Amino acid sequence: MKSKTLKKINFYIALVILAGWLVVFFAKDWFLGVAIRNVQHKLKNRYKVELTLKNYALHGWNEVIMNGVDCRSVSNDTIAYLSHVQLKIKLWPLISGKIRLENMRMEDGVFNLNEISKLRQKGNGSGQKDSNQLAKAQKYIQLLQDGANLIPDDFMARKIEIKYSDSSGNINGIIDSVSYSDSKLYARSALTIKDQHQTWMADGTFDKSSLETHINVKSNVTGFYQLSMIKKLASANIGFRSYSINLNEIEDNDDYVNVKGSLSAHNIKIYNPRISADTVLADSGGIDFSIKLTNLKIILDSTSRLHLNGLTAMISSDYSYMYPANIHAKLYVAPMPAQAILEAMPSGAFEITHSMTLDGNMGYHLDFYLNIDKKDSCHIDAGVINQGIKIINYGTADLRKINGNFTYHPYNSRRPIQVDSANPEYASLSSLPKHLVDAVVNSEDPNFYYNRGVEPDAIEVSVLQNLKQGRFRQGGSTITMQLVKNVFLTHQKTIDRKLEEFFLVWLLENMHITSKNRILEVYLNIIEWGPDVYGIGEASKFYFNKKPSQLSLNESIFLAKIIPQPLGFMNRFDDQGNLKESFQKKALTTVDRMARRGNLDVEAQGAYWPVVKITGPAKNLIKISPGVDSLRIRDSISRENEW
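Described below are features of the structure shown in this document. (Residues numbered from 1 in each chain as written. Predicted model: local features only at pLDDT ≥ 70, side-chain atom pairs only at ≥ 80, totals over all residues. Heavy atoms only, no water.)

### Some thoughts on the environment of asparagine 442
Part 1 of the reasoning: Relative to the helices and strands, asparagine 442 resides in helix 8 (residues 434-444).
Part 2 of the reasoning: Residue asparagine 442 is classed as buried on the basis of its relative accessible area, which comes to 2%.
Part 3 of the reasoning: Each C-alpha atom of the pair asparagine 442 and aspartate 592 lies 9.7 Å from the other, and the pair is 150 residues apart in sequence. (Helix = DSSP H or I, 4+ residues; strand = E, 2+ residues; numbered from the N terminus. Buried < 20%, exposed > 50% of the residue type's maximum accessible area, 1.4 Å probe, protein only.)

### So, helix 10 (residues 479-488)
Part 1 of the reasoning: For helix 10, a buried count of ten out of ten residues is recorded, marking the element as mostly surrounded by other parts of the structure.
Part 2 of the reasoning: Every buried residue of helix 10 is listed here: Ile479, Thr480, Met481, Gln482, Leu483, Val484, Lys485, Asn486, Val487 and Phe488.
Part 3 of the reasoning: Residues of helix 10 that are buried sit in contact with helix 7 (351-354), strand 20 (406-408), helix 8, helix 11 (495-510) and helix 12 (516-526). (Contact = heavy atoms within 4.5 Å.)

### Comments concerning the environment of alanine 80
Part 1 of the reasoning: Within the secondary structure, alanine 80 is located in strand 3 (residues 78-89).
Part 2 of the reasoning: A relative accessible area of 15% places alanine 80 in the buried class.
Part 3 of the reasoning: Counting along the chain gives 29 residues from alanine 80 to leucine 51, while the straight-line C-alpha distance between them is 9.5 Å.

### Regarding the packing of aromatic side chains
Part 1 of the reasoning: Under the counting rule described, the total for this entry stands at twelve aromatic pairs.
Part 2 of the reasoning: Each ring, one from phenylalanine 542 and one from phenylalanine 569, has its centre 5.9 Å from the other, and the planes form 80 degrees; the classification is edge-to-face. Linking phenylalanine 542 in helix 13 (residues 535-544) with phenylalanine 569 in the loop between helix 14 (553-561) and helix 15 (581-596), this pair joins segments that are 27 residues apart in sequence. The same class applies to phenylalanine 542 and to phenylalanine 569, which are both buried.
Part 3 of the reasoning: When the centroid spacing of 6.2 Å and the interplanar angle of 75 degrees are considered together, the rings of phenylalanine 544 and phenylalanine 558 count as edge-to-face. Residue phenylalanine 544 is found in helix 13, and its partner phenylalanine 558 is found in helix 14; the two are separated by 14 residues along the sequence. As far as the burial class goes, phenylalanine 544 and phenylalanine 558 line up, both buried.
Part 4 of the reasoning: Taken together, the ring pairs connect Phe542, Tyr543, Phe544, Phe558, Phe569, Phe573 and Phe583 into an aromatic cluster.
Part 5 of the reasoning: Above the plane of the ring of tyrosine 256 lies lysine 292, whose end atom (NZ or CZ) is 4.5 Å from the centre.
Part 6 of the reasoning: Over the ring of phenylalanine 448 we find lysine 516, and its NZ or CZ is 4.6 Å from the ring centre. (Phe/Tyr/Trp six-rings, centres within 6.5 Å; stacked < 30°, edge-to-face > 60°. Lys NZ or Arg CZ within 6 Å of the ring centre and 35° of its normal.)

So this is what it looks like as structure tokens:
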């Protein structure tokens with residue numbers, strides 16, 4: 001009896017299971033329709049997007065085939081279109097409410113990246129943004145992980161058209177094929193940008209669980225990439241034939257995020273007028289990085305390396321982004337053949353350096369600290385490591401010419417200046433008044449006779465001043481740096497010119513090519529002192545109708561203080577012909593420094609009144625009100641603030 005009852009129960013259970021299976025099997029298309037309508041409803045409500053499908057069907061239990069998938073905006077602009085989509089859903093994750101794809105095929109479609117970008121902006125919402133950098137990084141990593149989980153284990157796309165436009169013009173492209181299987185990625189596409197036909201290929205590996213990535217990208221592009229967003233991101237025109245992206249490790253903990261990887265590129269082209277006046281070309285370059293982000297700092301640890309044309313430098317930094325933000329960075333190039341370092345410099349920059357030949361070993365170290373928010377603290381410790389460096393060939397910058405007679409060509413004048421006694425305006429250092437030499441040195445480079453051509457304190461001050469003003473205003477140049485810039489380089493405010501300036505100054509001072517007195521003598525005879533006025537001889541005549549040897553202390557201080565902006569000397573006077581108060585204060589600083597250094601008799605200092613009479617041709621350029629004696633140009637400084 002029991003046996004018959006058990007058989008009946010088993011029969012009824014099997015009948016119920018079969019009935020349920022038949023219901024699900026025959027109703028599966030209905031379930032699919034419900035799911036698709038839910039997606040359509042959400043897209044329309046949240047993004048104002050209309051999704052239509054020509055037809056769709058569920059094959060078996062988990063394979064969906066869709067044709068004519070059309071996604072449009074409310075203005076009827078195409079966002080995306082796919083002629084054919086076939087995907088297979090994993091059943092086990094689906095039970096727990098997660099959608100994971102086993103495989104996916106897409107063919108003959110269109111993606112409008114501009115319209116997709118608009119959807120992304122709408123999706124961001126207006127919620128409060130997270131100000132914590134660590135929380136942001138963790139959020140982005142989670143988004144990456146979520147996105148990776150949506151990638152099918154096996155994916156193939158063919159003949160997908162890409163449309164995009166920005167201020168640089170329209171971009172049309174065809175993705176010939178994209179495939180991903182067994183963590184291996186391959187893609188090939190053809191783009192047309194400003195009538196430039198480009199072929200791009202990518203291959204590599206991507207691990208969805210760890211996010212470990214190794215991708216190589218190649219193109220046939222020989223010029224710059226024309227996309228405005230690339231120019232904005234790089235702050236320059238940029239191009240390269242190939243590049244590699246490697247993410248070796250992404251560690252996400254509650255207290256920090258740690259990312260290790262590398263970026264590298266080959267056949268690099270960069271143009272930014274702040275970097276160089278010409279296009280900079282490098283065979284290869286990149287960075288190996290290990291970055292740790294906490295809720296207080298971003299740390300680039302000392303295992304990180306910079307690479308440029310075979311040259312390797314250790315780089316590290318500690319950036320505290322919480323107020324007051326500050327950064328501490330270090331750069332170190334271990335001693336190696338000096339010539340190898342010169343040859344590693346990219347072309348299009350450092351052209352004078354390229355022409356030189358050096359022997360011996362050279363290295364470099366930099367320790368830099370800056371308080372970014374308060375702008376009240378900056379520290380720079382930098383220097384070339386010299387291991388028997390010798391100059392074999394000076395190239396286009398023969399620093400030795402400083403020691404002899406030569407012709408100087410001012411950067412903004414066609415009139416050559418002879419730097420020798422044949423020039424009637426040339427003045428030897430021994431013929432100049434001591435107070436003139438002291439005034440210029442104390443004004444332009446107080447430690448001239450003690451430094452090696454570079455004054456770290458002055459550079460630190462200039463960094464802070466430029467940071468406060470938000471633009472380049474002060475360079476921290478020494479007399480030697482000004483001389484090198486004028487005689488051997490240009491006046492372009494570019495990074496490569498400044499770096500070459502530092503290097504040539506280092507050679508001039510450390511290779512003992514010339515003396516301090518010779519540097520100062522040449523400097524005083526070539527610098528610009530007014531409109532088409534060069535050298536102390538011409539300046540003395542232009543302002544005072546005197547020879548340099550006849551200049552008074554007041555006249556010498558005036559000439560010393562207009563050196564930074566000689567073409568605007570007339571702006572130092574008001575409409576009454578008096579020196580402006582701002583100029584008076586700067587002049588007093590120089591006088592006080594001269595007194596402290598013993599260059600000026602303190603007891604006799606009170607005998608000097610700030611009276612300057614411009615008697616030369618310069619007086620015609622000073623704008624003063626009618627009735628004021630143009631020869632009686634003096635300031636209104638009080639007796640207690642006398643020079």
